[in-house]
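Each chain, written out:
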Amino acid sequence: MNRNTQNTLIVIIIIGLMIVYKSLYKDETYEEKIEKTGIKSVVLRKSVNYSNHGIHSIVYEKDSIMISESWDQYISVGDSIIKPEQSTELIIKNTDKYVEFDFNNPGLLPLP
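Residues numbered from 1 in each chain as written. Predicted model: local features only at pLDDT ≥ 70, side-chain atom pairs only at ≥ 80, totals over all residues. Heavy atoms only, no water.

Asker: What is the right way to read the nonpolar core from this model?
Answerer: Inside soluble globular proteins, nonpolar side chains tend to come together where they are buried. Formed by 15 residues in total, the largest nonpolar core has its most connected members in Ile58, Ile65, Trp71, Ile75, Ile81, Leu90 and Phe101. Beyond its immediate chain neighbours, meaning those up to four positions away, Phe101 contacts Trp71, Tyr74, Ile75, Thr88, Glu89, Leu90, Ile92 and Pro110. (Core = buried A, V, L, I, M, F, W, Y, C linked by side-chain atoms within 4.5 Å. Buried < 20%, exposed > 50% of the residue type's maximum accessible area, 1.4 Å probe, protein only. Contact = heavy atoms within 4.5 Å.)

Structure representation (structure tokens):
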């Protein structure tokens, strides 16, 4: 086997291994991560990350979660935040309100 054939074979094997690796160990998208996560907590703070395209998020006891900008007006510090595992539904409630959001429809606002 000459040198060019060896190099070509090595490149083909490396590309093949990369394709197999990517198909077996697919990176989880943010949406998939959100769906798996279960949350039962209290909103500690709201923030807007202007250096990252103005992304709105809410911070709770253990982590934070990105929210749609249109949802921001319905969420206050001190509200309870509930998100069941394996669900895209987010529930915000306190003594005066009960609001449901869906990560699959971020533009859909709750009814008054």
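Asker: Explain the sheet that holds strand β3 (residues 55-59) here, please?
Answerer: The pairing of strands in a sheet comes from backbone hydrogen bonds and takes either a parallel or an antiparallel form. In spatial order, the strands read β2-β3-β4; together these 3 strands make up an open sheet with antiparallel pairing. Each edge of the open sheet is held by one strand with a lone partner, namely β2 (45-49) and β4 (64-67). Across the sheet, the mean angle from the axis of one strand to that of its neighbour is 30°, orientation sign disregarded. As judged from the 4 bridges shared by β3 and β4, these two strands associate in the antiparallel manner. Paired with Val59 across the strands is Ser64, a residue of β4. (Pairing = 2+ DSSP bridges. Helix = DSSP H or I, 4+ residues; strand = E, 2+ residues; numbered from the N terminus. Axes fitted to C-alpha atoms, helices over the stretch in contact; angles between N-to-C directions.)

Asker: Would you mind going over a nonpolar patch on the surface with me for this structure?
Answerer: On the surface, Val20, Tyr21, Leu24 and Tyr25 cluster together to form a nonpolar patch covering roughly 470 Å² of accessible area. On the secondary structure map, Tyr25 appears in the loop between α1 (3-24) and α2 (30-36). (Patch = residues over 30% accessible without salt bridge, like charges linked within 9 Å, V, L, I, M, F, W, Y side chains within 5 Å. Areas by Shrake-Rupley, 256 points an atom, 1.4 Å probe, with all protein chains shown as cover. Salt bridge = Lys/Arg side-chain N within 4 Å of Asp/Glu carboxyl O.)

Asker: How should the pairing of β2 be read in this particular structure?
Answerer: Each regular strand carries side chains that alternate between the two faces of the sheet. Pairing analysis gives 5 bridges linking β2 to β3, with the strands arranged antiparallel. Counterpart to Asn49 in the pairing with β3 is Ile55. Taking the residues that link successive antiparallel strands as the turn, the β2-β3 hairpin has 5 residues, and the phi of His53 there is positive, at about 65°.

Asker: Which parts of the structure should I look at to understand the pattern of salt bridges?
Answerer: Opposite charge on two side chains allows them to pair when their charged atoms are near. The tally for this structure, following the rule as stated, stands at 2 salt bridges. Put simply, Asp72 and Lys46 hold a salt bridge, and the shortest N to O gap is 3.4 Å. Of the two residues, Asp72 is situated in the loop between β4 and β5 (80-83) and Lys46 in strand β2; the sequence distance between them amounts to 26 residues. Lys46 sits in the partly exposed class, given a relative accessible area of 30%. Close ionic contact of Lys97 with Asp79 constitutes a salt bridge, the shortest N to O distance being 2.7 Å. Placement of Lys97 in the loop between β6 (89-93) and β7 (98-102) and of Asp79 in the loop between β4 and β5 is noted, with a sequence separation of 18 residues between them. Accessibility expressed as a relative area gives 23% for Lys97, which makes it partly exposed.

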